[in-house]
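Topology and contacts: notes
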Amino acid sequence: MAVEVTTRPHQLIASDRVEGTAVRRANGDMIGHIERLMIDKISGKVSYAVLSFGGFLGIGTNLIPLPWGRLHYSTKFEAYELDIEDDELKRAPSFRADKDFDWGDRSQEVELHRFYGVPPYWGGF
């Protein structure tokens, strides 16, 4: 009998399975969920996860671009874990759900990486 490839454990996950995944703190408290991933077209690597945070039924929701390296997958919670305090999260660079982040503006990306203290995916500061 052939083993279904989707039942074997592996390190890869489809992007549509990441979208909607919960983001929690180390203690399990819910922060939000992953709205979308931003992938570098040249390298093919995930650069950012866009966190949906706050609001109610999509109203007043903020989207927070997070450098992918700030998230860690927790098998305990089957969610992505983010070590961030509420006050830091509220100060994080964000945009409204009805607007979009200007991904073509490298200075905004630099601001993101400085805020999180993570080197940019393209190298250097």
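As shown above, the structure is provided for reference.
Okay, so let's go over this structure.

**Observations concerning the sheet that holds strand E6 (residues 79-82)**
- Across the sheet, which stays open at both edges, the seven strands sit in the order E5-E6-E1-E2-E3-E4-E7 with mixed pairing between neighbours. Edge positions in the sheet fall to strand E5 (71-74) and strand E7 (95-96), since each has one partner strand and no second.
- The pairing of E5 with E6 spans four bridges and is classified as antiparallel. Considered in E6, the bridge of Tyr73 is made with Tyr80.
- Its contacts with the sheet place helix H3 (residues 106-116) against strand E3 (46-53) and strand E4 (62-67), and it is angled at close to 75° to E4.

**Things to note about the environment of Asp40**
- Secondary-structure assignment places Asp40 in the loop between strand E2 (30-39) and E3.
- Each C-alpha atom, one on Asp40 and one on Trp122, is 9.2 Å from the other, the two residues being 82 residues apart in sequence.
- With near-sequence residues (within four places) excluded, Asp40 lies in contact with Lys45, Ser47 and Tyr121.
- Polar side-chain contacts of Asp40 include one of 2.6 Å to the backbone nitrogen of Ser43.

**Comments concerning unusual backbone geometry**
- The backbone of Glu78 shows a phi angle near 50°, a positive value even though the residue is not glycine.
- With respect to the helices and strands, the residue Glu78 is situated in the loop between E5 and E6.
- The class for Glu78 is exposed, based on a relative accessible area of 60%.

The rules we used
- Residues numbered from 1 in each chain as written.
- Predicted model: local features only at pLDDT ≥ 70, side-chain atom pairs only at ≥ 80, totals over all residues.
- Heavy atoms only, no water.
- Pairing = 2+ DSSP bridges.
- Helix = DSSP H or I, 4+ residues; strand = E, 2+ residues; numbered from the N terminus.
- Contact = heavy atoms within 4.5 Å.
- Axes fitted to C-alpha atoms, helices over the stretch in contact; angles between N-to-C directions.
- Polar contact = N/O pair within 3.5 Å; in protein donor to acceptor, adjacent residues only side chain to side chain.
- Buried < 20%, exposed > 50% of the residue type's maximum accessible area, 1.4 Å probe, protein only.

Honestly, it's all geometry; don't read function into it.
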